[in-house]
Amino acid sequence: MDFFKEIERRRTFGIISHPDAGKTTLTEKLLLFGGAIQEAGAVKNNKIKKGATSDFMEIERQRGISVATSVLAFIYKDKKINILDTPGHKDFAEDTFRTLTAVDSVIVVIDVAKGVEPQTEKLVEVCRMRSIPMLVFINKLDREGKDAFDLLDEVEQKLGLRVTPMSFPIGMGYDFKGIYNIWEKKLNLFSGDNKTSISEGVEFSDLSNPELDTIIGETAADTLREEIELIDEVYPAFNQEEYLEGKLQPVFFGSALNNFGVKELLEAFIEIAPSPQPKKAEERLVDSKEEKLTGFVFKIHANMDPKHRDRLAFIKIVSGTFKRNAPYLHVRTGKKVKFSSPNAFFAERKEIVEESFPGDIVGIHDTGNFKIGDTLTEGEALNFKGIPSFSPEHFRYVNNADPMKSKQLYKGLDQLMDEGVAQLFTLDMNGRRVVGTVGALQYEVIQYRLEHEYGAKCTYENLAAHKACWVEPENPKSDEFIDFKRVKQRYLAKDKQGQLVFLADSEFTIQMTQNKYPSVKLHFTSEFKK
Ligand code: G4P
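Residues numbered from 1 in each chain as written. Predicted model: local features only at pLDDT ≥ 70, side-chain atom pairs only at ≥ 80, totals over all residues. Heavy atoms only, no water.

A.B. asks: So what exactly am I meant to see when it comes to the sheet that holds strand S19 (residues 335–337) here?
C.D. replies: To summarise the sheet geometry, strands pair through backbone hydrogen bonds and adopt either a parallel or an antiparallel arrangement. Pairing in this open sheet of eight strands is antiparallel, and the strands run S19-S18-S24-S15-S16-S23-S20-S21 from one edge to the other. The sheet is open, and its two edges are formed by S19 and strand S21 (350–352), each paired on a single side. Along the sheet, successive strands turn relative to each other by an average axial angle of 35°, direction set aside. Note: strand S20 (residues 343–345) against S21, three bridges, orientation antiparallel. (Pairing = 2+ DSSP bridges. Helix = DSSP H or I, 4+ residues; strand = E, 2+ residues; numbered from the N terminus. Axes fitted to C-alpha atoms, helices over the stretch in contact; angles between N-to-C directions.)

Here it is as structure tokens:
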């Protein structure tokens, strides 16, 4: 097998959206095209339903099931496509941020009627910060929605993207006739009254061709001509390099439910989306074509079945060939490790794999040795960057409710934090532990899991913190920093890596603190060191 060819044919990406925009439906349609599933509905059943916010057990159960759909792989036109699932539920946004460290590109799904929604904004911002190449899919064109040009404006303004339309809708909602594929210069129309089937694309390199009037009607044809002319004038032409550098985002229109525009998206995707990219380690840039294996853990999934307490650590291969039973260095612990049953993922199953290539995700069984962000190599001391913690939005003290089980409690907390369920801070002043989460739901999850998996009990106590700010003094020995530490003593804590964190109680406090101590920088993410 040709190693370079294997790398070149891989496309590892994630689909991001605000819940309900159509991520699951689109994923499913892509899998159908890839022949990876036979019928619609297969992925859907694993979805965390929006109504389930109060029912955390249901969510955890579904998270358990979703191990199988964490990575959905299929082959399309000889390209190996790995879709990394990103939870849509906002309480699991941290999971999504972490998964984004393992993708080489993303597809952003936007609902044509709702436009850009808050969750999309947050996720796109993370992708923008990391210059991840993005394609935009505007979905649900079979419904009445916003005007296409208004939407493009919204995408540019709210998401800070620079767009280039690759297709354009003809009509919308009831009048939705199809799309003009600017990329391939083809007209794709619905056929049949029920808008369920799609005609083969008709080549239309010259829109002034009067045949267009015959096919879609004079009015629609004129409108389309004007719109395409406007697009040519206003928007930059597609440029592969700019797209790959995260400076230009191609936009597609369609309807995932009706299978419309999905094939065009997939065809363009395999053509333009990047194969596995070089990745920055703290020490150096690692190229995917390097022969020696490197990879990192971006997700840990606990097995919810109490009889099988093991966890599955998901490793993204960055370079080299991962081989079953080969000895690797677990850099953080300095230990040699071997994996006798690494898993590869397919659409609805996982199976033991002999070797995997850059871009692939390998699942390994773990009994508590791995942490998110851990690096594996063939001996080199490398540490991949970019698994940041963001400031949690909720903070509570955690108290031990069963003094006989304090060891279990701390072990449990430790392991749950390694999985990335929440963040733990230890107050400098008195050593009390504070759990910070993105959603309130995680507190129930932690309590339940501590009890059922570790036999420990905890209670919570509210803490009036607003944000965790990672502290970076210009000069750790300066009087200003010493004064800052003295005055803010009660609000200072260490995160799990031992970094200094200021738990600010309001936006006002953050402002005041920055004004008073300008040489002490406050960051809302742990990833501020370049
Ligand atoms: P998500 O994963 O982003 O949360 O969204 P999901 O695919 O579950 O889609 C959310 C809802 O939008 C679903 O309806 C889905 O059928 C619908 N949908 C997705 N794509 C399209 C589209 O192109 N056109 C139209 N009209 N609807 C679309 P639901 O009623 O919530 O679920 P279900 O009862 O259909 O399963």
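A.B. asks: How should I be thinking about the confidence of the model for the protein in this particular structure?
C.D. replies: Close inspection of predicted coordinates is inappropriate in any region flagged by low pLDDT. Per-residue confidence for the protein averages 86 on the pLDDT scale, and 88% of its residues sit at or above 70. In this model residues 46–55 is a low-confidence stretch, pLDDT under 50, and it forms 19 contacts with partners more than four residues away in sequence or in other chains. (pLDDT = per-residue confidence, 0-100. Contact = heavy atoms within 4.5 Å.)

A.B. asks: What exactly am I supposed to notice about the side chain of Thr321 here?
C.D. replies: Inspection of the secondary structure assignment puts Thr321 in the loop between strand S16 (311–319) and strand S17 (322–323). Judged by its relative accessible area of 15%, Thr321 falls in the buried class. Residue contacts for Thr321: discarding those within four places in its chain leaves Phe3, Glu291, Leu293, Tyr328, Glu355, Ser356 and Phe357. (Buried < 20%, exposed > 50% of the residue type's maximum accessible area, 1.4 Å probe, protein only.)

A.B. asks: Please explain the packing of aromatic side chains as it appears in this structure.
C.D. replies: What describes a pair of aromatic rings is the distance from one ring centre to the other and the angle between the planes of the rings. Counted according to the given criterion, the structure contains 20 aromatic pairs. The interplanar angle of 45° and the centroid separation of 5.6 Å between the aromatic rings of Phe296 and Phe384 together place this pair among those described as tilted. In this pair, Phe296 sits in strand S15 (residues 294–302) while Phe384 sits in the loop between strand S24 (375–377) and strand S25 (394–400), placing the two residues 88 residues apart along the sequence. Just as Phe296 is buried, Phe384 falls in that class too. Ring geometry for Phe298 against Phe314: centres 6.3 Å apart, planes inclined by 55°, an arrangement best described as tilted. Residue Phe298 is found in strand S15, and its partner Phe314 is found in strand S16; the two are separated by 16 residues along the sequence. Owing to a relative accessible area of 2%, Phe298 belongs among the buried residues under this scheme. Here the aromatic residues Phe481, Phe484, Tyr491, Phe502 and Tyr517 are joined through ring pairs into a cluster of three or more. Geometry around Phe314 places Lys299 over its ring, the cationic atom sitting 5.6 Å from the centre. (Phe/Tyr/Trp six-rings, centres within 6.5 Å; stacked < 30°, edge-to-face > 60°. Lys NZ or Arg CZ within 6 Å of the ring centre and 35° of its normal.)

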